Structures are given as C-alpha cells and as structure tokens.
Amino acid sequence: MNLIQFQRLAILAQDIFITRLVHRPVVDSTNNLAIELSKDDNPDGLVVIADKQTGGRGRRGNEWCSPEGNLYMSVVFSPSLRVSNNIVENSLIQLITLMSGVAIVDAVDNLTGIKVSLKWPNDLIIEDKKVGGILTESRYHASSIKYLVIGIGVNITDRAFPPSIVNRAISLSQFTNNTISRDELVFEILKSLDKWYRIFKEQEVDEIKGKIINQWKNYNCTIGRRVRVISDVRTITGTAIDIANSGDLIVQAEDGNVFSITSGSLEFL
Ligand code: BTN
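Note that the structure is predicted; figures quoted are calculated from it, not measured. For every chain, the first residue of its written sequence is number 1, and the numbers climb from 1 along that sequence. Only residues with pLDDT of 70 or above have their local features reported here, since the model is predicted, and side-chain atom pairs are shown and tallied only from 80 upward, although totals for entire chains, interfaces and linings are computed over all residues. For the side-chain quantities, the full set of heavy atoms in the structure was used; hydrogens and water were omitted.

Enquirer: Can you help me understand the packing of aromatic side chains in this one?
Expert: Two aromatic rings are characterised by how far apart their centres lie and by the angle between their planes. Each Phe, Tyr or Trp ring (for Trp, its six-membered ring) is paired with any other whose centre lies within 6.5 Å, and the angle between the two planes then decides the class: stacked below 30 degrees, edge-to-face above 60, tilted in between. For the structure shown, the criterion picks out 3 aromatic pairs. Here phenylalanine 17 and phenylalanine 77 contribute two aromatic rings whose centre-to-centre distance is 5.2 Å and whose plane-to-plane angle is 70°, an arrangement assigned as edge-to-face. Taken together, the residues span a long stretch of sequence, with phenylalanine 17 in the loop between α1 (3–15) and β1 (20–27) and phenylalanine 77 in strand β3 (residues 71–77) at a distance of 60 residues. As far as burial versus exposure is concerned, phenylalanine 17 and phenylalanine 77 are alike and both buried. When the ring of phenylalanine 17 is compared with that of tyrosine 197, the centres are 6.0 Å apart and the planes differ by 85°; the resulting orientation is edge-to-face. Placement of phenylalanine 17 in the loop between α1 and β1 and of tyrosine 197 in helix α4 (residues 182–202) is noted, with a sequence separation of 180 residues between them. Per the convention used, a helix needs a DSSP run of H or I reaching at least four residues, while a strand needs a run of E reaching at least two, with both numbered from the N terminus. Exposure is judged per residue with a 1.4 Å probe applied to protein chains only, and the accessible area is read against the type maximum: over 50% gives exposed, under 20% gives buried, and values in between give partly exposed.

Enquirer: Looking at this structure, I do not really get the pattern of salt bridges. What am I missing?
Expert: Opposite charge on two side chains lets them pair, provided their charged atoms get close. Counted as salt bridges are all cases of a side-chain nitrogen of Lys or Arg within 4 Å of a carboxyl oxygen of Asp or Glu. Summed over all chains, the structure comprises 15 salt bridges. Where lysine 130 meets aspartate 123, a salt bridge forms, and the shortest distance between an N and an O atom there is 2.7 Å. A relative accessible area of 9% places aspartate 123 in the buried class. Close ionic contact of glutamate 188 with lysine 191 constitutes a salt bridge, the shortest N to O distance being 3.7 Å. Here lysine 191 and glutamate 188 lie together in helix α4, a separation of 3 residues that amounts to about one turn.

Enquirer: Even after reading the chapter, I still don't get the nonpolar core, so can you show me in this structure?
Expert: One broad trend across soluble globular proteins is that nonpolar side chains are buried collectively. Core analysis: the biggest nonpolar cluster contains 71 residues, and Phe17, Met73, Leu172, Leu190 and Phe200 have the highest contact counts within it. At 12 residues, the largest contribution of residues to this core is made by helix α3 (residues 89–112). We call two residues in contact when some of their heavy atoms are within 4.5 Å. Aside from chain neighbours lying at most four places away, what touches leucine 172 is Val108, Ile114, Val116, Ile126, Val131, Val154, Asn155, Ile156, Ile180 and Leu185. Joining through side-chain atoms within 4.5 Å is the link that ties buried Ala, Val, Leu, Ile, Met, Phe, Trp, Tyr and Cys residues into a set, and such a set is a nonpolar core. Counting 11 residues, the second largest nonpolar core, distinct from the first, contains Val22, Ala34, Tyr147 and Val149.

See below:
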C-alpha cells in the first residue's frame, strides 16, 4: 500500500470504527500481529493489513496461501455488548463471523458487481470454489471476551494456486475484465464492517441477531445442499436445512435426526 492510499485510509478512519491502522509489506500472519498489538491497550478498532503473509493461517490449523496481490487484513473488535439474554460467548464469535461474511459480500458487490455467496460458517464462495475466508479468534479476560480478531483473506489476483487447493480455490479477477484494486476492496470492506459494527454497539445483540442471520441467508449457498459436517463431537452426512438465530447450522442426517452444530467444518457432497 503506498503512502497516498494509506493517508486516504487514515482519513476514512476518522469517520469509522478504526482507532489504529497498521500496514506492513510482510508479516507471518496479520492475525498474529493484531493479537500481539492488542496485548496492552484497548485494541477496539485496530486494523492490520499486509501485502503478503509468510505464515497465513486458516481455520482448523490449515495454512492460508498468502502471496502478494491478494487481501490479508485483521480487524479487532472489543464490543461492550448490550446483552439482554446472556448470549453464549461462542455464539457471539459465530455471529460476528457471519456478520463479517455479509459485510464482505456487500463490499465485493459494491466494488465489482461480483456476487459472492456464503458457505457456513466462514467461506466466501463463487461457483462452489473458495474465493476467501474468515478466521475469527478471541482472547479472554477472566471468563469474558476481551477482544475478537477477525482475519479476512480474499483471493484477488492469485491464479497460480498450489496443487493441493487448485481445484477448490478461485480468485475475483477471474470474474471481471477490470483490474480490482486491493486497496479499494479494503476501503469497501471496512465501510461495510463499520455499518454492522455500529448496529452491534447501538442495539441489543438479541435484536440484531435476526438481521444478520436473515442477510446471511440471502447470500448463502449452504441451505438445501447435501453436506458432510465434521464437528468436535461427530461427523454427520445429510442435508443442511437452516441456520438458527444463534448462527448454528441445522442439519438433517440421513437417518432423519436433526442436529444443531455450533462449530465445525462443512463439505458439499
Ligand atoms: C479459512 O477459510 O480457513 C480462514 C482463512 C483466513 C485467512 C486470513 S488472511 C488474514 C488473516 N491472517 C491469517 O493468518 N489468516 C487470516
């Protein structure tokens, strides 16, 4: 990111949730740096952007292939929540991940007109292939969440995927003849996240759950699909039938039993 773009971003920061902006040409992982920088002060609103990562991390210990040309960003939220019905902390993390997915879909659409869809819980999908992902990590103080780091990766220009993911990955540039600017996409995503984060701060979590889940369902490519879900406790093959207001995936197994899954990974069959 050049100085002019960084200054533009700093100006945008004055109007939105950003409190601190960090850009590095190379990091191991923007999530790692965000966690490191969040140790001392109140980290709410910290944004870390890198041009490339040497140790990009995906969910469940997967590597996130991170050459130059794509978007790697981590956003730190430390919301003081107006919680009426004691939201379970896990479902807060889930809700923020789903909210971020919705924000990214809107941002990509606004900038490029490309329609990305959402695969539960955190995949950004085009034509059943992964164009991006979200890794939300949390740190606790005593037993409540101190902050959340939302790590966002979007494939923009990467056409040379490693053989291990070449059949499952795709980039935005494959869907337009126009050049997509990483910095413009950063702008759009931050503006879009700001819209939702404001709602989070102003309304009770119970009130906004429905809004996030409804919008997520509008963008989803999961419900109605035959799936295999691997959760911490079981593997289920069946049909994804709904997303609950908590963010849980509801799956009907082949034997007819219905399960509500809070966290896990999902494969389309
Ligand atoms: C996934 O789909 O498994 C999540 C991928 C998340 C990748 C992003 S890139 C920016 C941030 N830093 C990381 O190390 N990971 C996330």
